[in-house]
Amino acid sequence: TAQPTDVLTESLTADERLADLSADQLRQLVGLVDYDAAGDVFPVTGWDAVHWVVGNATQTAKHYQAAFGMRLEAYAGPETGQREHVSYVLRSGSCRFVVSGGVAPTSPLLEHHRRHGDGVSDISLEVPDVDACIRHARSVGAVVLTEPHDLGDEHGTVRTATIAAYGDTVHTLVDRSRYTGPYLPGYVARTSTYRPREGSPRRIFQALDHVVGNVELGQMDQWVRFYNEVMGFTNMAEFIGDDIATDYSALMSKVVANGNHRVKFPLNEPAVASRRSQIDEFLEFYDGPGAQHLALATNDILTAVDQMRAEGVEFLDTPGTYYTDPRLRARIGNVRVPIEELQSRGILVDRDEDGYLLQIFTKPLGDRPTVFFELIERHGSLGFGKGNFKALFEAIEREQERRGNL
Ligand code: TYF
Ligand code: FE
């Protein structure tokens with residue numbers, strides 16, 4: 001029987017409850033919009049988890065706790081009957097990572113890692129009706145990798161199915177509305193033994209904002225169509241077309257999103273430019289299409305950057321001229337902190353008709369020049385920092401040149 005407090009929590013979305021934010025705060029944090037859910041062929045209510053395959057999940061899980069302020073919540077491995085690999089479930093706000101690595105030499109995860117290095121294998125999404133989504137996806141030609149099925153234990157049942165996306169990346173659809181366990185059947189609850197340093201913030205980020213995919217030359221439009229037709233996602237206004245591509249970006253980009261923009265997928269392809277695109281470099285070292293960056297939404301990017309830097313995370317440099325450029329000063333107007341606070345940390349700022357955003361990008365996290373992170377603090381802007389593309393792509397190319405890949 002529902003207690004009064006349960007009634008209260010039930011009126012919140014999973015995001016609001018997990019991120020401990022009001023509806024308004026969440027709306028601002030990740031740039032939600034109103035939409036009419038009637039007629040949605042593939043209703044998506046949020047992100048379920050980002051699954052990583054890495055070379056050393058045990059250490060990577062510690063890094064996400066120490067440097068990203070994530071909390072360990074669940075675990076599966078040989079001790080719990082999962083013999084081939086270990087998986088750590090980490091969470092910050094409503095953003096969940098599942099970090100896995102091979103244990104048995106026969107683990108198929110080791111093959112994924114040999115080919116791609118550390119990377120994202122599955123961007124799993126929360127849907128209220130797995131079967132309806134799969135019926136629709138199949139009817140428009142999507143590749144169904146795992147049919148809808150139930151996973152159960154003493155905590156209830158999770159319904160799930162998996163469809164193929166770009167490269168080896170997949171989308172597992174998850175309905176956990178009838179489940180109360182720590183993550184999925186097969187996992188046991190496990191908490192962090194890592195203790196944040198005295199005075200460090202409770203949480204560095206509250207939610208996942210967007211996940212960007214890099215695809216092969218000439219394939220961007222076909223993946224945009226995939227998200228349009230299979231998932232009913234619509235195209236957002238922000239894109240990098242031919243014009244910008246050849247001038248400085250060396251890439252083309254379009255953005256698709258679900259109805260309320262909770263899930264946003266920018267998709268990049270390399271442009272035919274005078275130099276080797278950062279997307280070509282990714283495709284070579286990831287050995288195919290894959291997730292390029294994850295944007296983490298924070299309500300305090302200054303503390304987030306300070307905390308992450310102190311724990312060894314490296315960010316792209318922004319030249320001083322970015323901040324002294326009078327056009328930037330004129331364009332951005334007033335933001336919540338003095339510009340010097342942004343400059344000392346290398347944080348970028350962009351403004352559009354809806355408001356502004358603050359953002360910063362890490363260098364690639366692993367050994368290969370592939371996946372990296374963005375921190376984003378939105379104040380009304382629903383965009384991706386279009387005004388920063390030039391400065392950002394120049395910074396990425398400086399790194400690319402240092403690696404000898406430009
Ligand atoms: O997600 C975005 O669109 C921004 C900008 O290779 C961006 O974060 C776009 C492409 C890219 C790196 C960043
Ligand atoms: Fe981004």
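Because the structure is predicted, anything quoted here is derived from the model rather than measured.

What counts, and where the lines are drawn
Residues numbered from 1 in each chain as written. Chains lettered and ligands numbered in written order. Predicted model: local features only at pLDDT ≥ 70, side-chain atom pairs only at ≥ 80, totals over all residues. Heavy atoms only, no water. 1 Å grid on protein atoms, 1.4 Å probe; cavity = no way out; pocket = protein on both sides within 12 Å on 5 of 7 lines; lining within 4 Å. Points joined across faces, edges and corners; volume = space filled by probe spheres on them. Helix = DSSP H or I, 4+ residues; strand = E, 2+ residues; numbered from the N terminus. Nonpolar A, V, L, I, M, F, W, Y, C, P; charged D, E, K, R; others polar. Pairing = 2+ DSSP bridges. Contact = heavy atoms within 4.5 Å. Axes fitted to C-alpha atoms, helices over the stretch in contact; angles between N-to-C directions. Buried < 20%, exposed > 50% of the residue type's maximum accessible area, 1.4 Å probe, protein only. Arc of directions from axis to C-beta. Core = buried A, V, L, I, M, F, W, Y, C linked by side-chain atoms within 4.5 Å. Donors = N, O, S within 2.8 Å, 3.2 Å for Na, K, Ca; no water. Salt bridge = Lys/Arg side-chain N within 4 Å of Asp/Glu carboxyl O. pLDDT = per-residue confidence, 0-100.

**Notes on the layout of surface pockets**
Inference 1: Looking at the largest pocket, its volume works out to about 910 Å³.
Inference 2: In terms of lining residues, the largest pocket is bounded by 34 residues, among which Thr-13, Ala-14, Asp-15, Arg-17 and Glu-126 are the most central.
Inference 3: Where the lining of the largest pocket is concerned, the elements lending two or more residues are α1 (4-10), α2 (14-19), α3 (23-30) and β1 (46-53).
Inference 4: With five residues, α2 is the largest single contributor of residues to the lining of the largest pocket.
Inference 5: Partitioning the lining of the largest pocket into residue classes produces 12 nonpolar, nine polar and 13 charged.
Inference 6: In this structure, the second largest pocket occupies an estimated 670 Å³ of space.
Inference 7: His-51, Asp-122, Thr-162, Thr-172 and Leu-184 are, among the 29 residues lining the second largest pocket, the residues nearest its centre.
Inference 8: Elements represented by at least two residues in the lining of the second largest pocket include exactly β1, β3 (85-92), β4 (95-102), α5 (108-116), β5 (119-126), β6 (144-153), β7 (156-164) and β8 (170-175).
Inference 9: Partitioning the lining of the second largest pocket into residue classes produces 13 nonpolar, 13 polar and three charged.

**Comments concerning the sheet that holds strand β10 (residues 207-214)**
Inference 1: Overall, mixed pairing links the eight strands, which are arranged β11-β12-β13-β10-β14-β17-β16-β15 in an open sheet. The sheet is open, and its two borders are formed by β11 (234-235) and β15 (348-352), each paired with just one other strand.
Inference 2: By the bridge criterion, seven bridges tie strand β12 (residues 251-257) to strand β13 (residues 264-270) in an arrangement that is antiparallel. If you follow Ala-257 over to β13, its bridge partner there is Lys-264.
Inference 3: Those strands touched by α3 are β10, β13, β14 (290-297) and β17 (372-379), and its axis lies near 25° from that of β10.
Inference 4: Across the sheet, helix α7 (residues 220-231) lies against β11, β12 and β13, angled at about 0° from β12, the strand it touches most.

**A few points about helix α8 (residues 242-249)**
Inference 1: Listed in full, the buried residues belonging to α8 are Ile-244, Ala-245 and Ser-249. Seen from one end, α8 has its buried residues packed into an arc of 105°, which puts them on one side. Residues of α8 that are exposed and point over 90 degrees away from its buried face: Asp-242, Asp-243 and Asp-247.
Inference 2: Its buried side turned inward, α8 meets β12 and α14 (389-402).
Inference 3: In the stretch just after α8, Ala-250 is the one whose phi turns positive, near 60°.

**Comments concerning the side chain of Thr-370**
Inference 1: One can find Thr-370 in the loop between β16 (355-361) and β17.
Inference 2: Classification of Thr-370 by relative accessible area gives buried; the value is 5%.

**A short note on the nonpolar core**
Inference 1: Core analysis: the biggest nonpolar cluster contains 98 residues, and Trp-52 and Phe-97 have the highest contact counts within it.
Inference 2: When residues in this core are grouped by element, the largest group, seven residues, is from α7.
Inference 3: Discounting residues that sit within four places of it in the chain, Trp-52 has contacts with Tyr-64, Phe-97, Val-98, Val-99, Ser-100, Gly-119, Val-120, Ser-121, Leu-294, Val-371 and Phe-373.

**Digging into empty space enclosed by the protein**
Empty space among the atoms becomes visible once a probe the size of a water molecule is rolled across them.
Inference 1: Summed over the entire model, instances satisfying the criterion amount to four cavities of 30 Å³ or more.
Inference 2: Around the largest cavity, the lining comprises 22 residues; the ones closest to its centre are Ser-253, Asn-268, His-293, Phe-389 and Phe-393.
Inference 3: If one sorts the elements of the lining of the largest cavity by residue count, α14 sits on top with four residues.
Inference 4: Broken down by class, the residue content of the lining of the largest cavity amounts to 13 nonpolar, seven polar and two charged.
Inference 5: Here the second largest cavity defines a volume of roughly 140 Å³.

**Section: the coordination of the iron ion (ligand 2)**
Inference 1: Coordination of the iron ion (ligand 2) by the protein involves His-210 (NE2), His-293 (NE2) and Glu-374 (OE), with metal-donor separations of 2.0 to 2.2 Å.
Inference 2: Considered as a linear motif, the donors of the iron ion (ligand 2) on their single chain read H-x82-H-x80-E. Linking His-210 in strand β10 with Glu-374 in strand β17, this pair joins segments that are 164 residues apart in sequence. Comparing His-210 with Glu-374 shows no difference in burial state: the two are buried.

**As for the sheet that holds β4**
Neighbouring strands of a sheet are bound in pairs by backbone hydrogen bonds; such pairs are parallel or else antiparallel.
Inference 1: Across the sheet, which stays open at both edges, the nine strands sit in the order β6-β7-β8-β5-β1-β4-β3-β2-β9 with mixed pairing between neighbours. The outermost strands of the open sheet, each flanked by one partner alone, are β6 and β9 (188-189).
Inference 2: As judged from the seven bridges shared by β6 and β7, these two strands associate in the antiparallel manner. Residue pairing across strands places Thr-146 opposite Thr-162, the latter belonging to β7.
Inference 3: Packed onto the sheet, α5 meets β1, β3, β4 and β5 and runs at close to 100° relative to β4.

**Digging into the pattern of salt bridges**
Inference 1: Counting across every chain of the model gives 28 salt bridges.
Inference 2: With a closest N to O distance of 2.6 Å, Asp-350 and Arg-331 form a salt bridge. Here Arg-331 lies in helix α12 (residues 326-332) and Asp-350 lies in strand β15, a separation of 19 residues in the sequence.
Inference 3: Between Lys-390 and Glu-394 there is a salt bridge, with its nearest N and O atoms 2.9 Å apart. Within this pair, Lys-390 and its partner Glu-394 are both found in helix α14, separated by four residues, close to a single helical turn.
Inference 4: Because the salt bridges share partners, they merge into one network encompassing Glu-314, Lys-363, Glu-399 and Arg-402.

**A closer look at the confidence of the model for the protein chain**
Inference 1: This prediction gives the protein chain a mean pLDDT of 94; 96% of its residues lie at or above 70.
Inference 2: In this model residues 1-7 is a low-confidence stretch, pLDDT under 50, and it forms one contact with partners more than four residues away in sequence or in other chains.
Inference 3: For this predicted complex, the interface confidence score (ipTM) comes to 0.97, while the overall pTM stands at 0.96.

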